[in-house]
Amino acid sequence: MEKKEIETLQEAGKIASEIVKYAKSIIKKDMLLLDIANKIDEKIISLKAKPAFPVNLSINEIAAHSTPSYNDETLAQGLLKVDIGIHIEGFVADTALSIDLENSEENKNLIKAAETARDFALSKINLNTKIREIGAEIEKVCKSFNVQPIHNLSGHSIEVYNLHAGITIPNFDNNQESTIKPGIYAIEPFTTLSSGSGSVRDGKLSGIYHLEKVGTVRDNFAREVLGYIADEYSTLPFCSRWIHKKFGTRGLLALRQIEQAGLLHHYPQLIEKSNSKVAQAEHTFILTLKEKIITTL
Ligand code: MN
Ligand code: MN
């Protein structure tokens, strides 16, 4: 990796960690998720970066892939995960925090477990660490907090304009003998109660999409919206809220036409299978032949 690329990744990471601090400072119980999302979007732009994906604001048993629609009335409550992505010219930082909004010891323990598992795994990772060993460390820390990791959610490699670039970093020992190579990775343990199922299922559609296929649509206006999506987001995720902000209600109809033409992937929400509460912690790091840099600290 070139010096310039590493610097850009570090700059994105620094902004991501500023957004984490900002999120912690503004989020209060009963605030509209929509207000939180809009404020975070504005703050990212004011720091001269772009969102790498719509901020995920996922409550309790919703583990991930939830972002407010333009007219959403959901209020912040319970165990709230805030998953934040920043990019500068496609160089991505991916980070997440969890907030307990009901003063619950159970929530606090789930959060502490996720953060400790993340940080312990990060401290252990070096070139040629076996990927299964990273998962085993995460699982071991979770057990020490008397909680369990979500088994079908994992960390991932990152490339330019590509959030999930193919390699997964499991949150348990998955017997993967391969070792970790130089690259960009996100490590993200999700924790749930030991009485929970420890896995997620697909829930309702989230309003989060990414452009999946090159193609066109018949309607002129829908074609204009499609062009905007390709220019503005490339293959990174975006949401219906952003399209509504730019194009109004017509934009949402166009979005539906583009989806019906088969050009989009529409993410479902991810829900803990037994509706057990979920916490998440995440950092992005760069591994080179010489060093390990955690960009989102
Ligand atoms: Mn994330
Ligand atoms: Mn991630």
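Located above this text is the structure these notes cover.
Everything quoted here is computed from the prediction, not taken from an experiment.

(A) Geometry of the pairing of strand β9 (residues 190-193). Pairing between strand β5 (residues 147-149) and β9: three bridges, direction antiparallel. Paired with V147 across the strands is L193, a residue of β9. Relative to strand β13 (residues 278-280), β9 runs antiparallel, the two being bridged by three bridges. Bridged to T192 within β13 is V278.

(B) Broad picture of the packing of helix α5 (residues 220-233) against helix α6 (residues 240-247). Remark: α5 packs on α6, axes separated minimally by 12 Å, with the N-to-C direction vectors making an angle of 120°. It follows from the interaxial angle that α5 and α6 lie oblique. As for the relative orientation of α5 and α6, their crossing is right-handed in sense. Between α5 and α6, the contacting residues are F221, E224, V225, Y228, I229 and Y233 on the first element and W242, I243, K246 and F247 on the second. Broken down by class, the residue content of the contact of α5 with α6 amounts to eight nonpolar, no polar and two charged.

(C) Structural detail: the coordination of the manganese ion (ligand 2). For the manganese ion (ligand 2), the protein coordination sphere consists of D94 (OD), H156 (NE2), E188 (OE) and E282 (OE), at 2.1 to 2.2 Å. In primary sequence terms, the donor set of the manganese ion (ligand 2) follows D-x61-H-x31-E-x93-E. The distance between the manganese ion (ligand 2) and the manganese ion (ligand 1) comes to 3.2 Å, with D94 serving as a donor to both metals. Here D94, found in strand β4 (residues 91-100), pairs with H156, found in strand β6 (residues 155-158); they are 62 residues apart in sequence, far enough to count as distant. Across the pair, H156 and D94 agree in class, each one buried.

(D) Structural detail: the packing of aromatic side chains. The final tally for this structure, using the stated rule, is seven aromatic pairs. For the ring pair F221 and F247, a centre distance of 5.7 Å and an interplane angle of 85° mean the geometry is edge-to-face. Here F247 lies in helix α6 and F221 lies in helix α5, a separation of 26 residues in the sequence. Classification of F247 by relative accessible area gives buried; the value is 16%. With a centroid separation of 6.0 Å and an interplanar angle of 90°, the aromatic rings of Y228 and Y233 are classed as edge-to-face. Judged by relative accessible area, Y233 falls into the buried class, the value being 10%.

Conventions adopted
- Residues numbered from 1 in each chain as written.
- Chains lettered and ligands numbered in written order.
- Predicted model: local features only at pLDDT ≥ 70, side-chain atom pairs only at ≥ 80, totals over all residues.
- Heavy atoms only, no water.
- Pairing = 2+ DSSP bridges.
- Helix = DSSP H or I, 4+ residues; strand = E, 2+ residues; numbered from the N terminus.
- Axes fitted to C-alpha atoms, helices over the stretch in contact; angles between N-to-C directions.
- Parallel < 35°, antiparallel > 145°, perpendicular 65-115°, else oblique.
- Left-handed = near helix turned anticlockwise from the far one by under 90°.
- Contact = heavy atoms within 4.5 Å.
- Nonpolar A, V, L, I, M, F, W, Y, C, P; charged D, E, K, R; others polar.
- Donors = N, O, S within 2.8 Å, 3.2 Å for Na, K, Ca; no water.
- Buried < 20%, exposed > 50% of the residue type's maximum accessible area, 1.4 Å probe, protein only.
- Phe/Tyr/Trp six-rings, centres within 6.5 Å; stacked < 30°, edge-to-face > 60°.

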